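Inside the fold
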Amino acid sequence: MRPSCDRYVPGYGDANADFHVIGDHPGVHGGVETGIPFSGEAGARLFPALEDGELLAEAGDEPTVNSTFLSYLHMCVPDGTPSAADYTDMERFFDAELRAIAAHVLLPVGAVATKHVLNNYTSVGWKTDVDMETLHGKELRGSGFLVLPIKDPAEWDDGDHDELVAGLLELQSTDFRRESDLGRFMPGADPYLVR
């Protein structure tokens, strides 16, 4: 998965993750200097919240993940804001990555990533601008992936850290994997869990 751009920030983390944190692009959500999504200034607020929410074992420019993968809709380091055509060109890379990781929960960061995820990977759909104040840290169910949107950390107010942590901990206390045990139809006592 090598895009045609000169510089890009590939995904980072557990390839068998339960949680997939999705940013817009490295120019907005960090990683240009370190090569790790959300690192640097962008992760200064996000990583501590993910650590408190038990998605990271250790925050920092090279975080230690707990069943978490970090990536972008547009992994190339852009000159300015990517155009709609740029996003369309990078969609094949993002889609392949998302399906390869096959996380149970998608955590889009910011309005661009949230709207893209809701419109393309759930039955929720969103035709208007997304209200990140209302959606921040709230679980959205629908067919497809379970989604917990995150307001852009650059826009966080005093309570946004705690709201996200509470949403992450609440989500993890439920059956977010939405698995069924088909082992009951098979001989033996071993479970056979499927999504």
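All figures in this text were calculated on a predicted structure; none of them were measured in a lab.

Before going further, it helps to examine the packing of helix α3 (residues 84-101) against helix α4 (residues 110-121). At a minimum axis separation of 13 Å, α3 and α4 run at an interaxial angle of 70°. With respect to each other, α3 and α4 are oriented roughly perpendicular. Judged by the twist between their axes, the crossing of α3 over α4 is right-handed. The residues of α4 that touch α3, namely those facing Tyr-87, Glu-91, Phe-94, Asp-95, Leu-98 and Arg-99, are Val-112, His-116 and Tyr-121. Split into classes, the residues belonging to the contact of α3 with α4 amount to five nonpolar, one polar and three charged.

Further remarks concern a negative patch on the surface. Residues Glu-51, Asp-52, Glu-58 and Asp-162 make up a contiguous surface patch of negative charge. Relative to the elements of secondary structure, Asp-162 occurs in helix α6 (residues 160-172).

The subject of this paragraph is the packing of aromatic side chains. With the rule as written, the count across this model stands at three aromatic pairs. Ring centres of Phe-38 and Tyr-72 lie 5.6 Å apart, and the angle between their planes is 35°; this geometry places the pair in the tilted category. Taken as a pair, Phe-38 in the loop between α1 (26-29) and α2 (43-52) and Tyr-72 in strand β5 (residues 68-72) lie far apart in primary sequence, 34 residues in all. Geometrically, the ring pair formed by Phe-94 and Tyr-121 is edge-to-face, given 6.0 Å between the ring centres and 75° between the ring planes. Of this pair, Phe-94 sits in helix α3 while Tyr-121 sits in helix α4, and the two are 27 residues apart along the sequence. Each member of the pair, Phe-94 together with Tyr-121, is buried.

Conventions and cut-offs
- Residues numbered from 1 in each chain as written.
- Predicted model: local features only at pLDDT ≥ 70, side-chain atom pairs only at ≥ 80, totals over all residues.
- Heavy atoms only, no water.
- Axes fitted to C-alpha atoms, helices over the stretch in contact; angles between N-to-C directions.
- Helix = DSSP H or I, 4+ residues; strand = E, 2+ residues; numbered from the N terminus.
- Parallel < 35°, antiparallel > 145°, perpendicular 65-115°, else oblique.
- Left-handed = near helix turned anticlockwise from the far one by under 90°.
- Contact = heavy atoms within 4.5 Å.
- Nonpolar A, V, L, I, M, F, W, Y, C, P; charged D, E, K, R; others polar.
- Patch = residues over 30% accessible without salt bridge, like charges linked within 9 Å, V, L, I, M, F, W, Y side chains within 5 Å.
- Areas by Shrake-Rupley, 256 points an atom, 1.4 Å probe, with all protein chains shown as cover.
- Salt bridge = Lys/Arg side-chain N within 4 Å of Asp/Glu carboxyl O.
- Lys, Arg positive; Asp, Glu negative; His and termini not counted.
- Charge placed at Lys NZ, Arg CZ, Asp CG, Glu CD.
- Phe/Tyr/Trp six-rings, centres within 6.5 Å; stacked < 30°, edge-to-face > 60°.
- Buried < 20%, exposed > 50% of the residue type's maximum accessible area, 1.4 Å probe, protein only.

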